[in-house]
Structure formats: structure tokens, C-alpha cells
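Tertiary structure, described
Here is how the chains run, residue by residue.
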Amino acid sequence: YPTAATIHPPPQALGQLLASRDNKHRGLLTIIELEWDPPKFIVIMDDDKALIRFPFGEMETTDITPARGAIRETFEEVGIPEDVGTPISDNDKSFIREISFGSSIFYVFTKKIPASTQIVLGKDQELWAPFTADRIDELVIQGLVAYKHAKSWEEFKRQRWPSANNTSFLRR
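Residues numbered from 1 in each chain as written. Predicted model: local features only at pLDDT ≥ 70, side-chain atom pairs only at ≥ 80, totals over all residues. Heavy atoms only, no water.

To continue, consider the overall build of the chain. Looking only at helices and strands, one finds 5 helices and 6 strands in the chain. Tracing the chain from N to C terminus, the helices and strands come up as α-α-β-β-β-α-β-β-β-α-α. For the chain, the proportion of its 172 residues judged to be buried stands at 44%. Long-range pairs, those at least 24 residues apart, make up 67% of the contacts in the chain between residues at least 6 apart in sequence. When the accessible surface of the chain is totalled, it reaches about 9,700 Å², and 55% of it is carbon and sulfur. (Helix = DSSP H or I, 4+ residues; strand = E, 2+ residues; numbered from the N terminus. Buried < 20%, exposed > 50% of the residue type's maximum accessible area, 1.4 Å probe, protein only. Contact = heavy atoms within 4.5 Å. Areas by Shrake-Rupley, 256 points an atom, 1.4 Å probe, with all protein chains shown as cover.)

Following this line, the structure appears as C-alpha cells:
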């Protein structure tokens, strides 16, 4: 006989089922804040990319939730373990928002870590740097930040610093 689990799959399984049905690319982006004064944020460059970006990767079928995928990608790209700094979760202030880009969806998270945290780049990452918010804004204006990452950065700023002058530097 069927059980309740086979009739009504758990939310995680339902999310994966929906993800596979709509054929949308699901990206996981984490904006990592280093606890400095003023705060600095980790940006990276990959071996095969010309633009600066934030730690990012695709949601995999083994990722139960977007937050679990973001935790995995953050570790793969910059070596930050789950237990260092603030936690990444689907249900708390670490989740910024889901942003749709036509055929792709980005799940944007944030994580705050001690400035002393050691960064260990993944196999595809070439370099990393800690930049202030103002410096990232300058790089966005210059077109040196990947477009979807720049849009995610703008949404992060709107959510975290609503009183700041968060004018969009990007054209649609």
C-alpha cells in the first residue's frame, strides 16, 4: 500500500521535482562578508572567466535545499566550512532572495565570517580579493562584475542597507 510519503513527497523532494520539470538553471550565489571595519566582501575570478564574481555554482540533484547547495558551493569555491561564521539557511536572514533571469534562477545567500578566516580556493578559481562595498560598486560601474552577480549584489544591498543610496548602476 502507498504511504503518506509516496502520496505527498516531502518539500525537499517536491522542490527537486519542480526544478527538474521546468528546465531552469538554478544558481547558488553567496555574498561573503569579512568582519572588518569597514566590512569587506570576498570576490573571486575563475581560471576561464574574465569577470569578477561572488562564490557561485549550480544546484545539484544531491542538494536537498538551495541553502545546502550554497553551503556546498561556498566550501568548494573558497574553502569556508559550514560551521565558520554565520549559518546559511533557507529560512533566516542569510537568504536574500530568489532572482529570476529568464531561463535561470539565482538563490542569493549571505554569510558573515571572521576576518581571520583562511580562504582556500577551489580547483577552478584563480584568485580572490576582499573588497569594500564601495569598491565593488566601482567595479560594477566599470562592467567588471558578471551581470547576474552585479544584480545579486544590488539586491543584497537593498535588503541589508535599505537606507543607503542603492541606485542601480546596471541597465536592463
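Additional details are given in the paragraphs that follow.
A few words now on helix α5 (residues 147-160). Its 14 residues place the ends of α5 20 Å apart at the C-alpha level, agreeing with the 20 Å of an ideal helix rising 1.5 Å per residue. Within the span of α5, buried status applies to His149, Ala150, Lys151, Ser152, Trp153, Glu154, Glu155, Phe156 and Lys157. Lining the buried residues of α5 we find β1 (25-35), β2 (40-46), β3 (56-58), β4 (95-101), β5 (104-114) and α4 (133-141). (Expected span 1.5 Å × (residues − 1).)

Time to look at the confidence of the model for the chain. Chain-level pLDDT for the chain is 84 on average; 80% of the residues reach the 70-or-more range. In the model, residues 1-14 has pLDDT below 50 throughout and makes 3 contacts with residues more than four positions away in sequence or in other chains. (pLDDT = per-residue confidence, 0-100.)

Overall, the coordinates contain 14 salt bridges when judged by the stated rule. The partner of Arg68 in a salt bridge is Glu82, and the shortest N-O contact between them spans 2.9 Å. Note that Arg68 is positioned in helix α3 (residues 66-78) and Glu82 in the loop between α3 and β4, a separation of 14 residues in sequence. With relative accessibility at 39%, the residue Arg68 sits in the partly exposed group. Judged by relative accessible area, Glu82 falls into the partly exposed class, the value being 43%. Close ionic contact of Lys151 with Glu154 constitutes a salt bridge, the shortest N to O distance being 4.0 Å. A residue pair is termed a helical-turn pair when its members lie 3 or 4 positions apart in one helix, as Lys151 and Glu154 do in helix α5 at 3 residues. (Salt bridge = Lys/Arg side-chain N within 4 Å of Asp/Glu carboxyl O.)

It is worth spelling out the pairing of β2 at this point. Sheet faces and side chains relate simply in a regular strand, where the side chains alternate between the two faces. Of all 7 residues making up β2, 6 are buried, and the element is well covered by its neighbours. In this sheet, β2 lies alongside β1 in antiparallel orientation, the contact comprising 2 bridges. Bridging from a neighbouring strand, Leu34 pairs with Lys40 of β2. Between β1 and the antiparallel strand that follows it, β2, lie 4 residues. Across 7 bridges, β2 lies against strand β6 (residues 125-132) in antiparallel orientation. What sits directly across from Lys40, in β6, is Thr132. (Pairing = 2+ DSSP bridges.)

The next thing to look at is the side chain of Glu77. As for its position among the elements, Glu77 is in helix α3. At 3.2 Å, the side chain of Glu77 forms a polar contact with the backbone nitrogen of Phe56. Each residue touching Glu77, except ones within four places of it in the same chain, is listed here: Ile44, Arg53, Pro55, Phe56, Val120, Leu121, Gly122 and Gln125. (Polar contact = N/O pair within 3.5 Å; in protein donor to acceptor, adjacent residues only side chain to side chain.)

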